[in-house]
Amino acid sequence: MQDTASTVAVLATGGTIAGTAASATDNIGYSAAQLGVQALLDAVPALAGQPLVTEQVAQLDSKDMSHEVWAALAQRVAHHLAQPDIAGVVITHGTDTLEETAYLLQRLLAPAKPVVLTAAMRPATSLLRDGPQNLLDAVALARESGARGVMAVLAGTVHSALDVRKLHSYRLDAFGSGDAGPLAYVEEGRVRRLRDWPAGEPLGLDRIARGEWPWVEIVTSHAGARPEAVRALVAAGVRGLVVAGTGNGTLHHALQDALLAAQAAGVSVLRCTRCLAGPVLTTPAERLPSAGTLTPAQARIELMLRLMGGA
Ligand code: ASP
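Residues numbered from 1 in each chain as written. Predicted model: local features only at pLDDT ≥ 70, side-chain atom pairs only at ≥ 80, totals over all residues. Heavy atoms only, no water.

Asker: Would you mind showing me how to read the site of the ligand here?
Answerer: The environment of the ligand is made up of G15, T16, Y30, D61, S62, K63, G94, T95, D96 and A120. In this structure, an oxygen atom belonging to the ligand sits 2.5 Å away from a side-chain N or O atom of S62. At 2.5 Å from an oxygen atom of the ligand is found a side-chain nitrogen or oxygen belonging to T95. When its residues are assigned to classes, the shell around the ligand shows two nonpolar, five polar and three charged. (Near = heavy atom within 4 Å. Polar contact = N/O pair within 3.5 Å; in protein donor to acceptor, adjacent residues only side chain to side chain. Nonpolar A, V, L, I, M, F, W, Y, C, P; charged D, E, K, R; others polar.)

Spelled out as structure tokens, the structure:
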């Protein structure tokens, strides 16, 4: 069915791709999430006449992403994926939390069709707006025969939801995939794949059905780290703590002691690295579990999903 389906569902959530500024030379003083999904499509003449269905799922700056919007988006993505005439889903999003949304959707849905997030580093009014080309590439990827899983495409580069991360605050080519490297490139509408599509067992939407997202925070180890912040979070009722350690997940002794005490008190802890790439390699003697290759932002989602699953 997937190979004959050609309709792409475009779900819009806001972001800079839908942002506007008063001047075409203003790339930072803009308001995100101003244009609706039809305006985004209208800016891409090559998409005119193509079979698309559209939905405005949210309209926000993704720095303000909420668990409630995530739940609504996951449900709408699942709905569209279940339609036989839908080849794949495109999600327009802000760049700031794109990697979190992508990871969440892959863990929940691990879809057998492509779900492609895209975004822009420049608002729709910019001289150098990157949104229209990114959207065109995303639709091409969403229609790619045999493609599956949640991905992101920006600046012609496709990243797996399991690896994608924002690396640069300003450059148009702002995303990377850490050690894994890009999944594919989209070149003149054609997909050149380098490695396997994202895979895994879906947790399913039941995992988030109760709408109760456990409180999980990220703390960072650094010179002069103090234990008080961890103690305050535990006293306030935090359910999980992700620690972004130095290097191979190493922790300042004061922070480590506070985290061990938190763990002993029933708070779930996961240890990551604040390095931009690489895993946290561990030994059997290590008392705070490693999050492997997950970034701190991914590990926070992973820990919430585990807690929602009764871990
Ligand atoms: N703050 C914006 C957002 O994430 C940035 C962007 O989209 O590039 O929505």
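Asker: Teacher, can you tell me more about unusual backbone geometry here?
Answerer: Among all residues save glycine, negative phi is the norm, and among peptide bonds the norm is trans. Residue A155 is not a glycine yet carries a positive backbone phi of 50°. Assignment of secondary structure puts A155 in the loop between strand 5 (149-154) and strand 6 (157-160). Positive phi, close to 50°, is recorded for E188, a residue that is not glycine. Secondary-structure assignment places E188 in the loop between strand 9 (184-187) and strand 10 (190-193). Assessed through its relative accessible area of 75%, E188 is described here as exposed. (Helix = DSSP H or I, 4+ residues; strand = E, 2+ residues; numbered from the N terminus. Buried < 20%, exposed > 50% of the residue type's maximum accessible area, 1.4 Å probe, protein only.)

Asker: How should the sheet that holds strand 4 (residues 114-118) be read in this particular structure?
Answerer: Strand pairs in the sheet, formed through backbone hydrogen bonds, run parallel or antiparallel to each other. Strand order in this open sheet of eight strands is 2-1-3-4-5-6-9-10, and the pairing throughout is mixed. At either margin of the open sheet sits one strand with a lone partner, and together these are strand 2 (52-60) and strand 10. Across the sheet, the mean angle from the axis of one strand to that of its neighbour is 25°, orientation sign disregarded. In the sheet, strand 5 pairs with strand 6 via four bridges, with the strands oriented antiparallel. The partner of A152 across the bridge, within strand 6, is H159. Packing of helix 3 (residues 98-109) onto the sheet brings it into contact with strand 3 (86-92), strand 4 and strand 5, and relative to strand 5 it is tilted by some 160°. (Pairing = 2+ DSSP bridges. Axes fitted to C-alpha atoms, helices over the stretch in contact; angles between N-to-C directions. Contact = heavy atoms within 4.5 Å.)

Asker: Would you mind going over the side chain of N27 with me for this structure?
Answerer: Among the secondary structure elements, N27 is positioned in the loop between strand 1 (7-14) and helix 1 (37-42). Given the relative accessible area of 17%, N27 is considered buried. At a separation of 2.7 Å, a polar atom in the side chain of N27 contacts the side chain of S126.

Asker: Would you mind showing me how to read the sheet that holds strand 11 (residues 216-220) here?
Answerer: Strand order in this open sheet of three strands is 11-12-13, and the pairing throughout is parallel. Both edges of this open sheet fall to strand 11 and strand 13 (268-273), since each of them pairs with a single strand only. Adjacent strand axes in the sheet meet at a mean angle of 20° when their direction is disregarded. Helix-sheet contacts for helix 6 (residues 253-264) involve strand 11, strand 12 (240-245) and strand 13, and the interaxial angle to strand 12 is about 155°.

Asker: What am I meant to see in the pattern of salt bridges here?
Answerer: Pairs may arise between side chains of opposite charge once their charged atoms sit close together. Evaluation of the coordinates by the stated rule reveals 10 salt bridges. Here R76 and E55 are joined by a salt bridge, their closest N and O atoms 2.7 Å apart. Here R76, found in helix 2 (residues 67-81), pairs with E55, found in strand 2; they are 21 residues apart in sequence, far enough to count as distant. Residue classification places E55 among the buried residues on the basis of a relative accessible area of 18%. E228 is the salt-bridge partner of R226, the closest N and O atoms lying 3.0 Å from each other. E228 gets classed as partly exposed once you look at its relative accessible area, which sits at 38%. Through salt bridges that share partners, R107, E302 and R306 make up one connected network. (Salt bridge = Lys/Arg side-chain N within 4 Å of Asp/Glu carboxyl O.)

Asker: Sorry, what's going on with the packing of helix 3 against helix 7 (residues 296-308) here?
Answerer: Angle between the axes and distance between the axes: these two values describe a pair of packed helices. Taken N-terminus to C-terminus, the directions of helix 3 and helix 7 make an angle of 35°; their axes are 9 Å apart at the nearest point. The chirality of how helix 3 crosses helix 7 is right-handed. For the pair helix 3 and helix 7, the contacting residues are E100, Y103, L104, R107 and L108 in the first and A297, Q298, R300, I301, E302 and L305 in the second. Among the residues forming the contact of helix 3 with helix 7, the class breakdown is six nonpolar, one polar and four charged. (Left-handed = near helix turned anticlockwise from the far one by under 90°.)

Asker: Explain the environment of V243 here, please?
Answerer: Residue placement: V243 occurs in strand 12. Once the C-alpha coordinates of V243 and V269 are considered, the two residues, 26 residues apart in sequence, prove to be 7.4 Å apart.

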